[in-house]
Amino acid sequence: MSARILDGVPLADAIRAEVAAAVKRYAGDGRKPGLAVVIVGENPASQVYVKAKGKACEEAGMHSETVRLSERTTEAELLATVERLNRDPAIHGFLVQLPLPSHINGERVLNAIDPAKDVDGFHPVNVGRLSIGDPTALRPATPFGVQQMLIRSGIETRGAHAVIVGRSNIVGKPMASLLIQPGTGGDATVTVCHSKTRDLPAVCRSADILVVAMGKPEFVTADMVRPGATVIDVGINRVDDASQPKGYRIVGDVAYAPVAEVAGAITPVPGGVGRMTIAMLLQNTLQAFQQAAGRA
Ligand code: GUN
């Protein structure tokens, strides 16, 4: 059997087009959603992501600002930038790209972001709102993108056993919150696995929907997947490969080729979940803008 490939490119393009169409309608009234991205230091992967976020924002017709701060920026200076963006009326959403240099307390920085502008959905207020099913919650872009992929690909979550491998605050935990909520793209029975889970392969094999977000290249093998299951690979890992021009290639947390022989549907890496993340960030910026307008 060969799995159906869940291509993130057309799905993400559709969401980006929907956001752009909404932005265009507001432009008629002279109003424009604005997104700012703050990056501290020179982490190469972060540089790539931040550039892509700014470009996508401009392509959607939004106002975009990228704040580049040096590796030696102090926590107080970063907090001052956060405060400035909290007050800036042209900015409806912003995020501070992670990871931060080790001399900065990331939790203090995230807690300083106005929850109304927290388009990453990492502030405790948004985590709480998501957990209680408040529709005004800003939802973390990666798990929100996974949920949209499932909905838009016609994969039924209602009553399904969803197994999430990885318990991060960015993916695993919010993914669980989204999938257990009542309604479309929810109503699943959710199990969250992590490094201390007993007999992880057996738990994975019980999944109708397996979401893998643990950051270990090609960790999930074919014997860990039930025939016909949907496999969502959130991993993005660089592995050395001398045959490639750059000396590395990008692989997910799932051994793609053998798992695709067993699964019913699978996301590729790259071109799967990664494409959805930026689309959902734009969607979140539009939501933050609309909610701010509703309060004005
Ligand atoms: N680093 C990796 N993923 C993310 C994300 O979704 N948001 C931010 N701010 N940093 C990240």
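What this report covers is the structure whose coordinates are included nearby. (Residues numbered from 1 in each chain as written. Predicted model: local features only at pLDDT ≥ 70, side-chain atom pairs only at ≥ 80, totals over all residues. Heavy atoms only, no water.)

**Regarding the site of the ligand**
Part 1 of the argument: Every residue lining the ligand is accounted for by L95, V96, Q97, L98, D120 and F122.
Part 2 of the argument: One nitrogen or oxygen atom from the side chain of Q97 is found 3.4 Å from a nitrogen atom belonging to the ligand.
Part 3 of the argument: Between L98 and the ligand, the recorded distance is 3.0 Å, taken from a backbone N or O atom to a nitrogen atom.
Part 4 of the argument: Alone, the ligand offers 280 Å² of accessible surface; in the complex the protein occludes 80% of this.
Part 5 of the argument: Per-class residue counts for the shell around the ligand are four nonpolar, one polar and one charged. (Near = heavy atom within 4 Å. Polar contact = N/O pair within 3.5 Å; in protein donor to acceptor, adjacent residues only side chain to side chain. Areas by Shrake-Rupley, 256 points an atom, 1.4 Å probe, with all protein chains shown as cover. Nonpolar A, V, L, I, M, F, W, Y, C, P; charged D, E, K, R; others polar.)

**What to know about the packing of aromatic side chains**
Part 1 of the argument: Here the structure, examined in full by the defined rule, presents one aromatic pair.
Part 2 of the argument: Ring geometry for Y26 against F289: centres 4.8 Å apart, planes inclined by 75°, an arrangement best described as edge-to-face. Of this pair, Y26 sits in helix α1 (residues 8-27) while F289 is found in helix α10 (residues 273-295), placing the two residues 263 residues apart along the sequence.
Part 3 of the argument: A relative accessible area of 4% means that F289 is categorised as buried.
Part 4 of the argument: Sitting over the face of the ring of Y248, R238 holds its NZ or CZ atom 4.3 Å from the ring centroid. (Phe/Tyr/Trp six-rings, centres within 6.5 Å; stacked < 30°, edge-to-face > 60°. Helix = DSSP H or I, 4+ residues; strand = E, 2+ residues; numbered from the N terminus. Buried < 20%, exposed > 50% of the residue type's maximum accessible area, 1.4 Å probe, protein only. Lys NZ or Arg CZ within 6 Å of the ring centre and 35° of its normal.)

**As for the packing of α1 against helix α6 (residues 141-152)**
Part 1 of the argument: Orientation of α1 relative to α6, taken along the N-to-C sense of each, is 105°, at an axis distance of 11 Å. In this view, α1 runs roughly perpendicular relative to α6, as classed from their interaxial angle. Residues G8, L11, A14, I15 and E18 of α1 pack against Q148, M149 and R152 of α6.
Part 2 of the argument: When its residues are assigned to classes, the contact of α1 with α6 shows four nonpolar, two polar and two charged. (Axes fitted to C-alpha atoms, helices over the stretch in contact; angles between N-to-C directions. Parallel < 35°, antiparallel > 145°, perpendicular 65-115°, else oblique. Contact = heavy atoms within 4.5 Å.)

**Observations concerning the pairing of strand β9 (residues 237-240)**
For a regular strand, the rule is simple: side chains alternate between the two faces of the sheet.
Part 1 of the argument: Taking every second residue as pointing to the same face, the buried face of β9 carries N237 and V239, while none of R238 and D240 on the other face is buried.
Part 2 of the argument: Note that β9 and strand β10 (residues 248-251) share four bridges and pair antiparallel. Bridge pairing in β10 links V239 to R249. (Pairing = 2+ DSSP bridges.)

**Notes on the sheet that holds strand β3 (residues 63-69)**
The strands making up a sheet are joined through hydrogen bonds of the backbone, oriented either antiparallel or parallel.
Part 1 of the argument: In space, the three strands of this open sheet follow the order β3-β2-β4, with parallel pairing throughout. Either end of the sheet is taken by a strand with one partner, and the two such strands are β3 and β4 (93-96). For this sheet the average axis-to-axis angle between neighbouring strands, irrespective of direction, equals 10°.
Part 2 of the argument: Pairing of strand β2 (residues 34-40) with β3, which is carried by seven bridges, proceeds in the parallel orientation. By the bridge assignment, L35 is partnered in β3 with S64.

**Concerning unusual backbone geometry**
Part 1 of the argument: Here the residue pair L98 and P99 is connected by a cis peptide bond, since its omega of 0° sits within 30 degrees of zero.
Part 2 of the argument: Mapped onto the elements, P99 comes out in the loop between β4 and α4 (106-112).
Part 3 of the argument: P270 follows V269 through a cis peptide bond whose omega is -5°.
Part 4 of the argument: Mapped onto the fold, P270 is located in the loop between β11 (265-266) and α10.
Part 5 of the argument: One non-glycine residue, D199, lies in positive phi territory at about 45°.
Part 6 of the argument: As for its placement among the helices and strands, D199 is situated in the loop between β6 (189-193) and α8 (200-205).
Part 7 of the argument: Positive phi values are uncommon outside glycine, yet E218 reaches one of about 50°.
Part 8 of the argument: Here E218 falls in the partly exposed class, since its relative accessible area comes to 37%.

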